Amino acid sequence: MSRPTLNFGRRLVIGVPFVWLVLFFLLPFIIVLKISFSEAAVAIPPYTEVFGYVEQKLQIVINLGNYIFLSEDELYLAAYLGSLKVAFVSTLACLLIGYPMAYAIARARKDLQTVLLLLIMMPTWTAILIRVYAWMGILSSNGILNELLLGLGLIDEPLRILNTELAVYIGVVYSYLPFMVLPLYANLVKHDASLLEAASDLGARDLTSFWKITVPLSKNGIIAGCMLVFIPVVGEFVIPELLGGPETLMIGKVLWQEFFNNRDWPVAASLAVLMLAILLVPIILFNRNQAKELEGKL
Amino acid sequence: MKRYSLSNLILVLGLFFIYLPMVILVIYSFNESRLVTVWGGWSVKWYVGLLDNTQLMGAVMRSLEVAFYTAIAAVALGTMAAFVLTRIPRFRGRTMFGGLVTAPLVMPEVITGLSLLLLFVAMAQLVGWPAQRGLVTIWIAHTTFCSAYVAVVVMARLRELDLSIEEAAMDLGARPWKVFFLITVPMIAPSLAAGGMLSFALSLDDLVLASFVSGPGATTLPMEIFSAVRLGVKPEINAVASLILLVVSIATFIAWYMTRRADRRRQKAMQEAMEDATLDVAGPSGRPTMLPPPAHS
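The following paragraphs examine the structure supplied in this document. (Residues numbered from 1 in each chain as written. Chains lettered and ligands numbered in written order. Predicted model: local features only at pLDDT ≥ 70, side-chain atom pairs only at ≥ 80, totals over all residues. Heavy atoms only, no water.)

## Examining the overall build of chain A
Which entries qualify depends on this criterion: Under the scheme used here, helices are H or I runs from DSSP no shorter than 4 residues and strands are E runs no shorter than 2 residues, and both carry numbers assigned from the N terminus. Here's how the labels work: a residue is buried when its accessible area is under 20% of the maximum for its type, exposed when over 50%, partly exposed in between, all with a 1.4 Å probe on protein chains only. Any pair of residues with heavy atoms lying within 4.5 Å of one another is described as a contacting pair. Surface exposure here means Shrake-Rupley accessible area, sampled with a 1.4 Å probe, where a residue is shielded only by the protein chains that are shown. Within this scheme the basic residues Lys and Arg register as positive and the acidic residues Asp and Glu register as negative, but His and the chain ends are omitted. Every charge is mapped to an atom, namely NZ of Lys, CZ of Arg, CG of Asp or CD of Glu.
A tally of helices and strands in chain A yields 13 helices and two strands. When its C-alpha atoms are laid out on the principal axes, chain A stretches across 80 × 80 × 30 Å. When the 298 residues of chain A are sorted by exposure, 53% land in the buried category. When contacts within chain A are restricted to residue pairs at least 6 apart in sequence, long-range pairs at least 24 apart make up 71% of them. Carbon and sulfur atoms form 66% of the exposed surface of chain A, whose accessible area is close to 14400 Å². Looking at charge distribution, chain A has the averaged site of its 20 positive side-chain charges lying 14 Å from that of its 22 negative ones.

## What about the interface of chain B and chain A?
As a reminder of what qualifies: Defined here as a combined quantity, buried area equals the accessible surface (1.4 Å probe) lost by two parts on assembly, summed across both. Criterion for a salt bridge: a side-chain nitrogen of Lys or Arg within 4 Å of a carboxyl oxygen of Asp or Glu. For the purposes of these results, a polar contact is taken to be a pair of N or O atoms within 3.5 Å, where, inside protein, one atom must be able to donate a hydrogen and its partner to accept one; residues adjacent in sequence count only when each atom of the pair is a side-chain atom.
Across the contact, 95 residues belong to chain B and 98 residues belong to chain A. The junction of chain B with chain A conceals about 8700 Å² of combined surface from both sides, 81% of it contributed by carbon and sulfur atoms. At the surface where chain B touches chain A, the tally comes to one salt bridge. One salt bridge connects Arg230(B) with Glu241(A), and the closest N-O pair in it is separated by 3.1 Å. Applying the counting criterion to the chain B and chain A interface returns eight residue pairs in polar contact (both at pLDDT 80 or more).

## A short note on a nonpolar patch on the surface
This is how it is decided: Like-charged residues within 9 Å of one another, or nonpolar side chains (Val, Leu, Ile, Met, Phe, Trp, Tyr) within 5 Å, are grouped into patches, provided each residue has over 30% relative accessible area and no salt bridge.
On the surface, Phe8(A), Leu12(A), Val16(A), Trp177(B) and Phe181(B) cluster together to form a nonpolar patch covering roughly 490 Å² of accessible area. Listing elements by their share of the nonpolar patch, those giving two or more residues are helix 1 (2-36) of chain A together with helix 8 (176-205) of chain B. The leading source of residues in the nonpolar patch is helix 1 of chain A, at three residues. Mapped onto the elements, Leu12(A) comes out in helix 1.

## Concerning the environment of Pro190(B)
Residues and elements named next belong to chain B. With respect to the secondary-structure elements, Pro190 resides in helix 8. By relative accessible area, Pro190 is classed as buried at 14%. The spatial distance from the C-alpha of Pro190 to the C-alpha of Tyr257 is 9.2 Å, given a sequence separation of 67 residues. With residues near it in sequence (within four places) discarded, Pro190 still touches Met258, Thr259 and Ala262.

## Points about helix 3 (residues 74-107) of chain A
We apply this condition: In a helix, the anticipated span is given by 1.5 Å times the number of residues less one. Bend angle per residue: angle between axes fitted to the 7 residues ending at that residue and the 7 residues starting there.
In this model, helix 3 of chain A (34 residues) spans 49 Å end to end at C-alpha, consistent with the 50 Å of a helix rising 1.5 Å per residue. The axis of helix 3 of chain A is deflected most strongly, by about 30°, at Gly98(A), and proline Pro100(A) appears within four residues downstream.

## Re the pattern of salt bridges
A side chain of one charge can pair with a side chain of the opposite charge when the charged atoms of the two come close. Residue and element names in this part refer to chain B. Per the stated rule, a full pass over the model turns up five salt bridges over all chains. For Lys45, the salt bridge goes to Glu32, with nearest N and O atoms at 3.3 Å. In this pair, Lys45 is assigned in helix 2 (residues 45-52) and Glu32 in the loop between helix 1 (2-28) and helix 2, connecting sequence segments 13 residues apart.

## Looking at unusual backbone geometry
All names here are of chain A. Of note, the phi angle at Asn163 is positive, near 65°, even though the residue is not glycine. Along the chain, Asn163 falls in the loop between helix 6 (144-152) and helix 7 (165-188). A positive phi angle, near 50°, is found at Arg263, a position not held by glycine. Residue position: Arg263 is located in the loop between helix 12 (251-261) and helix 13 (265-297).

## Topic: the side chain of Asn66(A)
Within the fold, Asn66(A) resides in helix 2 (residues 65-72). For Asn66(A), the residues in contact, after removing those within four places along its chain, are Ile35(A), Ser36(A), Phe37(A), Ser38(A), Pro266(A), Val267(A) and Ser270(A).

## Overview of the packing of helix 8 (residues 193-201) of chain A against helix 9 (residues 206-217) of chain A
All names here are of chain A. Using the following cut-off: Helix axes are fitted only over the stretch in contact, all axes being lines through C-alpha atoms; the angle between N-to-C directions runs from 0 to 180 degrees. Angles below 35 degrees are treated as roughly parallel, those above 145 as roughly antiparallel, those between 65 and 115 as roughly perpendicular, and all remaining angles as oblique. What makes a crossing left-handed is the near helix being turned counterclockwise from the far one by less than a right angle; a clockwise turn instead makes it right-handed. Think of it as three bins: nonpolar holds Ala, Val, Leu, Ile, Met, Phe, Trp, Tyr, Cys and Pro, charged holds Asp, Glu, Lys and Arg, and polar takes everything else, Gly as well.
Where helix 8 meets helix 9, the axes come as close as 10 Å, and the angle between the chain directions of the two elements is 160°. By the angle between their directions, the pair helix 8 and helix 9 is classed as roughly antiparallel. By crossing handedness, the relation of helix 8 to helix 9 is classed as right-handed. Together, Leu195, Leu196 and Ala199 of helix 8 and Ser209, Ile213, Thr214 and Leu217 of helix 9 make up the contact between the two elements. Grouping the constituent residues of the contact of helix 8 with helix 9 by class yields five nonpolar, two polar and no charged.

## Points about the packing of aromatic side chains
To be explicit about the condition: Planes of paired rings set the category: under 30 degrees apart is stacked, over 60 is edge-to-face and the rest tilted, where pairs are Phe, Tyr or Trp rings (Trp by its six-membered ring) whose centres lie within 6.5 Å. Two thresholds decide whether a charge sits over a ring: the Lys NZ or Arg CZ must be within 6 Å of the ring centre and within 35 degrees of the ring normal.
For the coordinates displayed, the defined rule picks out 33 aromatic pairs over all chains. Ring geometry for Tyr174(A) versus Phe17(B): centroids 5.4 Å apart, planes at 85°, classification edge-to-face. Of this pair, Tyr174(A) sits in helix 7 while Phe17(B) sits in helix 1, placing the two residues on different chains. For the pair Phe259(A) and Trp265(A), a centre-to-centre distance of 5.1 Å together with 25° between the ring planes defines the contact as stacked. Here a set of aromatic residues connected by ring pairs shows up, and it is made of Phe237(A), Trp256(A), Phe259(A), Phe260(A), Trp265(A), Phe212(B) and Phe226(B). Residue placement shows Arg107(A) over the ring face of Tyr103(A); its charged tip is 4.5 Å from the ring centre.

Encoded structure:
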């Protein structure tokens, strides 16, 4: 008797989140793909239809114009490469700073660990907008950093840091560092200390056992952390907009401008499609990594 | 050993790097001077001035409203997703389901925002809803990506739960729904609260998604701040930003405190149970009254 209710309940509990995610997460991408094949038009909404019924026949007008346009204008290629470069360099920087931090937290006393974790977690809850804004006040030419350096007599005239690529790197590393530390910590804290003891008993030096045991064991944590930084940074908009200058080309910013300033929805959609194409491999890698972590604990 | 102390040094420097800008921001929000870099003495006038800024206060109320409903919906949806992924090992489309749950965590916001907007536009054309974009569409966008965060938080908790308690209840004839609400929910309550707090904070913070899917008259606080910030640093914005930092830190702290308290209770209960078990083996007299307190209380 309880069998049908269980099945119904099961279907409901799977179905509700499934339908929601398909409707509001998966389906939108298909629409983006569709609109990337349409043409901009002076209309509401501002694009032409891809599918149409003409004389009771389905007519599909696929227009590759947006993609050709994107491939011909060097600005877009430069923006993609710029985004990938910023994402790559800052992911590396986050890993180099974040790994020792996570390592130190995982080795700290238990009660200290929870406090340190709270300190790392707090910024991930706070708007990137606000944390980036804080840097604007520090880095601007009459900002605190320049005032300090001038006051100390280290420089004679204010350095131009705000609205340069350097400021973007500072902002990105600053904003995304916690996302690197948290998964690394979650991984490192699970390591069995007896492995390191065994290695040292067998005569391995600390550095050797670190490279041969700790780093390989933390592979999943490294992948998760790197993906959590790399993927969102490729599409980052707020940081290049507020800290970057006119020469900072990043794809998230270009997409935003195409959409909000030029009101060219189809071009914005094709930019999104291309960005997603680049990110597909990292996203799948991330998802599989997450699934593996999940199965491992089941 | 040397590497250990080096990593400690980097940890301290890293935390300084993370917190110094925020501390500076808060200090300068109390600056008397209108010039943001010149220190003119302590003052709360920028905070007082905020109350008269009706446009800003309207945005604050809208943001709080969206954040509140987002937290509720995201907890419900995220918990369901987490339950499915931890308790139902096999069903058609499980891999896709798992992917759909975790992908919003990393998806760049400009992509999610643009694609949701295009969905809403297409839906308005097809079914006439949503006729106008506004708080409801922002709520849908926020719920979608916040539920992914909730799912991750709740999944972590569900995975470490002792399945035998739920199984025992089932064996005793309780319906699955009853087991879930009477057994599972109380045990995962702290992570539900943490997920809700996190969703609240994330929704309150979001600029990009809201900008895409919002409509006329539905300007949220981050959108308001962003349009002001584009023109440079202003003392009023320092004050708003400091207040947001305060609210979010309190939310984080509460969530952290609740999960920690639950953890401690569980550890203590486990320790006591183990001590009882050893005592039972040692002697039939049961628990002596002069037992030393557990090490971690």
